[in-house]
Amino acid sequence: MTEDTPQLRVAMIGAGFMGAAHSQGWRTAPRFFDLPAEPVMSVIVGRDAARVDDARRRFGWQRSATDWRTVIDDPEVDIVDICTPGDSHAEIAIAALEAGKHVLCEKPLANTVAEAQEMADAAERAAARGIRSMVGFSYRRVPAIGFARNLIREGRLGTIRQVRALYLQDWLRDEDGPMTWRLDKAAAGSGSLGDIGAHAIDLVEHLTGSRLAGVSGTLATFVEERPLLGETVGLSGTASEQRGRVTVDDAAWFTARLEGGSAAGAIGAFEATRYATGRKNSLRIELSGSRGAIAFDLEAMNELQFYDATAPAGEQGFTRIIVTEPEHPYMANWWPTGHAIGYEHAFSHEVVDFVTAVTNGTDPAPSFADGLHIQKVLEAVERSAGSGSAWTRTDDDDTDDDSTDEQKEA
Ligand code: SOE
């Protein structure tokens, strides 16, 4: 960057786990990548003045504020980055887009299809005025995922017939673990399904360029009440005798049929759970194709397993590729070959791609329309689970207009 590099002033709303991860992205991206514009960490917003000011100091934001509405009207803000629980995404995003701010919004896009639809409509209106929006499905930016996608686009897997996508965590395994906003439907929309299952859906669609067209699902809530902490659900404080009601799924299982792309006609098995004892953050994708297969596990995120079914029969086997070569997506800007990167780097890559699209005037992916589609899949799983696992169309009747980024690029 030079003195002539334009600036993009960022307001980030939310100072929790995702606020910390996004701060890392905003701070690090311009230091390791040559961006066409310099992101300026202008203002961080959170409800509690003392906490948000602490976050401002630790993460390196210029100032802090307690009311998100003040940044929407602020002419000194160009980008609004939404890292709040899902129940406020729609209101903030629509207001920001209407005020002419570019918007990066954490996943899942919203808590309901109706909200996601309004957001996608607002994004479309804003796009006509050159205002960009993107959903923060950060795992798309893991180099091993980008590399796997390239292999698929080169035809190295052939036609993909079977898809396995599991997102396994175990942080709810302890029945006395506290209630948090992530267990409250009003705040989070759904449980494992939306919080982590949405990543599995997005990755499968991103990798294959296919769409989940129909699903059959089951949801389970294993522990229905948990101790409340302090006075406010989800904030740290002293343990209390009071218990809060868990109103979301603890685990979601579903099968799916895919349409379009490299996995047209494929069947898929999906699982999202926070009760997978021993699995801490294991997002596993396995795609089986006519010419090859890939297997990925986020717990070993610098590796991709690739099986070349066109090799001589006696030489076939899964190859463990360490995805740290300069030719792998994003890796040329990090460390020498073989030096691993981590969870937080995907957020830096997200910033790189978003800032590049905003500056160059191109549409970043995944779009709010893509986020709406995923919301429809989540809702279809819930409807299916509510009707004895009946086969349920995702009702993505906009498929023609609302093509995936892969289809658009093709
Ligand atoms: C963020 O991308 C996120 O989905 C979090 O919201 C989840 O809680 C985390 O486990 C995975 O990443």
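It should be emphasised that the depicted structure is a prediction, and the values quoted were computed from it without experimental measurement. Position numbers for residues count from 1 along each chain, tracking the sequence in the order it is written. Only residues with pLDDT of at least 70 are given local features in this predicted model, and only at 80 or more are side-chain atom pairs given and counted; all residues enter the totals for whole chains, interfaces and linings. Computation of side-chain values covers all heavy atoms of the structure but excludes hydrogens and water.

### Thoughts on the sheet that holds strand β2 (residues 38-45)
Whether parallel or antiparallel, the strands of a sheet pair through hydrogen bonds between backbone atoms. Two strands pair if DSSP finds at least two bridges between them. Helix and strand assignments come from DSSP, with helices taken as H or I runs of at least 4 residues and strands as E runs of at least 2, each series counted from the N terminus. Reading across from one edge, β3-β2-β1-β4-β5-β6 is the order of the six strands in this open sheet, with parallel pairing throughout. Looking at which strands have only one partner, the edges of the open sheet turn out to be β3 (63-65) and β6 (133-136). Averaged over all pairs of adjacent strands, the angle between their axes in this sheet comes to 25 degrees, without regard to strand direction. Where strand β1 (residues 7-13) meets β2, seven bridges bridge the pair, whose relative direction is parallel. What sits directly across from Ala11, in β2, is Val43. Geometry is summarised by axes, namely lines fitted to C-alpha atoms with helices restricted to the contacting stretch, and by angles between N-to-C directions that run from 0 to 180 degrees.

### A short note on unusual backbone geometry
Looking along the chain, the bond that leaves Lys107 and enters Pro108 is cis, with omega of -20 degrees. Along the chain, Pro108 turns up in the loop between β5 (102-106) and α5 (113-127). Along the chain, Ala365 connects to Pro366 via a cis peptide bond; the corresponding omega equals 0 degrees. Following the sequence through the fold, Pro366 ends up in the loop between α9 (345-360) and α10 (368-386). With a phi close to 70 degrees, Tyr330 is a non-glycine residue in the positive phi region. By the secondary structure assignment, Tyr330 is in the loop between β16 (319-322) and α9.

### Things to note about the site of the ligand
We define proximity as follows: a residue is near a molecule or strand when any one of its heavy atoms falls within 4 Å of that partner. Inspection of the region around the ligand gives 13 residues, with Lys107, Gln169, Arg182, Asp195 and His199 positioned closest. Counted as a polar contact is a pair of N or O atoms within 3.5 Å, where, for protein atoms, one must be capable of donating a hydrogen and the other of accepting one, and residues adjacent in sequence contribute only when both atoms are in side chains. Contacts to the ligand include His199, whose side-chain N or O atom sits 2.6 Å from an oxygen atom. Protein burial of the ligand: of its 310 Å² of free accessible surface, 93% is covered by the chains. Taken together, the elements giving at least two residues each to the shell around the ligand come down to α1 (17-32) and α8 (192-208). Surface accessibility follows the Shrake-Rupley procedure with a 1.4 Å probe radius. Residue values consider only the protein chains on display as shielding.

### Considerations on helix α4 (residues 89-98)
Summary of the burial criterion: residues with accessible area below 20% of their type's maximum are buried, those above 50% are exposed, and those between are partly exposed, where the area comes from a 1.4 Å probe applied to protein chains only. Within α4, seven of the 10 residues are buried, which leaves the element mostly enclosed by the surrounding structure. Regarding α4, the residues found buried are His89, Ala90, Ile92, Ala93, Ile94, Ala96 and Leu97. Trailing α4 by a residue or two, Gly100 shows a phi angle of about 85 degrees, which is positive.

### Looking at α9
At 3.6 residues per turn, the α-helix brings residues three or four places apart onto the same side. The end-to-end C-alpha distance of α9, which contains 16 residues, comes to 22 Å, matching closely the 22 Å that a straight helix rising 1.5 Å per residue would cover. Burial runs high along α9: 12 of the 16 residues are buried. For α9, every residue scored as buried is listed here: His345, Ala346, Phe347, Ser348, His349, Glu350, Val351, Val352, Phe354, Val355, Ala357 and Val358. Directly after α9, the chain includes Gly361, whose backbone phi takes a positive value near 70 degrees. The span one expects for a helix is its residue count, reduced by one, times 1.5 Å.

### Focus on the nonpolar core
With 80 residues, the main nonpolar core has Met119, Val142, Leu212, Phe270, Leu287, Leu304 and Phe368 as its most contacted residues. It is α8 that contributes the most residues to this core, eight residues altogether. Domain delimitation follows an automatic or database domain assignment. Shared between two domains, this core holds at least three residues of each, these being domain 1 (7-138) and domain 2 (142-360). If you look at the next biggest cluster of nonpolar residues, it comprises 30 residues, including Leu8, Leu104, Val351 and Val352. Among buried residues, the Ala, Val, Leu, Ile, Met, Phe, Trp, Tyr and Cys ones that are joined through side-chain atoms within 4.5 Å form a nonpolar core.

### Thoughts on the side chain of Asp78
Note on placement: Asp78 falls in the loop between α3 (68-72) and β4 (79-82). A polar contact of 2.7 Å, which involves the side chain of Asp78, links it to the backbone nitrogen of Arg9. Non-local contacts of Asp78, meaning those with residues more than four positions away in its chain, are made with Gln7, Leu8, Arg9, Lys101 and His102. Should any heavy atoms of two residues lie within 4.5 Å, those residues are considered in contact.

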